[in-house]
Amino acid sequence: MKTTNRIVCTVCSRRKNEDPALMPAYLRYQGPHIQIAKAIADKEGFDFVILSGKYGLISGDKKIPYYDYLLIEDAVANLVGIVSKQLYELGVTELELYAEPREGNWIPYYEVIERATDVTGTKLTLSLTPSRH
């Protein structure tokens, strides 16, 4: 991932391609919001990243193995530290998050992004993932 001022981001998904080979994150994660956010990033010409409960912010192109991990409230503070550091290192000044409604398993991911962008002074724009219709 190159250093950029603005990135488009979404959250990993529970549904994953279980192939044991390494594959780009945007193909590993099978939630429809992944492809929608990637298409927005491609259209806007910005880097596309995925917030993983395991890895923090990862490039959609980063090859990752299959894993099964759900971010829980107890792990939020640690991940905030990781994501804050990543935002600083990448020089991100704006993060455009495309996500599903703030409920259920999405809540800890929202908390990480909101707290990390607050710590780093990164401008955060939250948008519900648009429908594919």
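As a reminder, the structure under discussion sits directly above these lines.
Predicted, not measured: the structure shown is a model, and the values here were computed from it.

Asker: Provide a residue-level description of the layout of surface pockets, including the pertinent values.
Answerer: Here the largest pocket defines a volume of roughly 380 Å³. Taken together, the residues of the lining of the largest pocket sort by class into 7 nonpolar, 4 polar and 5 charged.

Asker: So what's going on with helix H2 (residues 32-44)? Which residues, and what values?
Answerer: Between its first and last C-alpha, H2 extends 19 Å over 13 residues, near the 18 Å set by a 1.5 Å rise per residue. Those residues of H2 not exposed but buried are His33, Ile34, Ile36, Ala37, Lys38, Ile40 and Ala41. On its buried face, H2 sits against strand E1 (6-11), helix H1 (25-28), strand E3 (47-52) and strand E6 (94-99). Downstream of H2 by one or two residues, glycine 45 has phi in the positive range, about 80°.

Asker: Let's hear about the pairing of E6: which residues, and what values?
Answerer: Across the 6 residues that make up E6, a large majority, 5, are buried. Here E1 pairs with E6 via 4 bridges, running parallel. Bridging across to E6, arginine 6 finds its partner in glutamate 94. The sheet contact formed by E6 and strand E7 (residues 123-128) spans 6 bridges and is parallel. What sits directly across from leucine 97, in E7, is leucine 126. For the crossover that starts at E6, traverses helix H4 (residues 107-120) and ends in the parallel E7, the hand is right-handed.

Asker: Which residues make up the sheet that holds E6, and what values do they have?
Answerer: Spatially, 5 strands are ordered E4-E3-E1-E6-E7 in an open sheet, and the strand pairing comes out mixed. Edge positions in the sheet fall to strand E4 (56-59) and E7, since each of these pairs with one other strand and no more. When the angles between neighbouring strand axes are averaged without regard to direction, this sheet yields 30°. The pairing of E1 with E3 spans 5 bridges and is parallel. Bridged to valine 11 within E3 is leucine 51. Lying on the sheet, helix H3 (residues 76-90) is in contact with E1, E3, E4 and E6; it crosses E4 at an angle near 45°. The strands touched by H4 are E1, E3, E4, E6 and E7; relative to E7, the strand with the most contacts, the crossing angle is about 155°.

Reading guide: rules and limits
- Residues numbered from 1 in each chain as written.
- Predicted model: local features only at pLDDT ≥ 70, side-chain atom pairs only at ≥ 80, totals over all residues.
- Heavy atoms only, no water.
- 1 Å grid on protein atoms, 1.4 Å probe; cavity = no way out; pocket = protein on both sides within 12 Å on 5 of 7 lines; lining within 4 Å.
- Points joined across faces, edges and corners; volume = space filled by probe spheres on them.
- Nonpolar A, V, L, I, M, F, W, Y, C, P; charged D, E, K, R; others polar.
- Helix = DSSP H or I, 4+ residues; strand = E, 2+ residues; numbered from the N terminus.
- Expected span 1.5 Å × (residues − 1).
- Buried < 20%, exposed > 50% of the residue type's maximum accessible area, 1.4 Å probe, protein only.
- Contact = heavy atoms within 4.5 Å.
- Pairing = 2+ DSSP bridges.
- Right-handed = clockwise from strand over helix to strand, strands pointing away.
- Axes fitted to C-alpha atoms, helices over the stretch in contact; angles between N-to-C directions.

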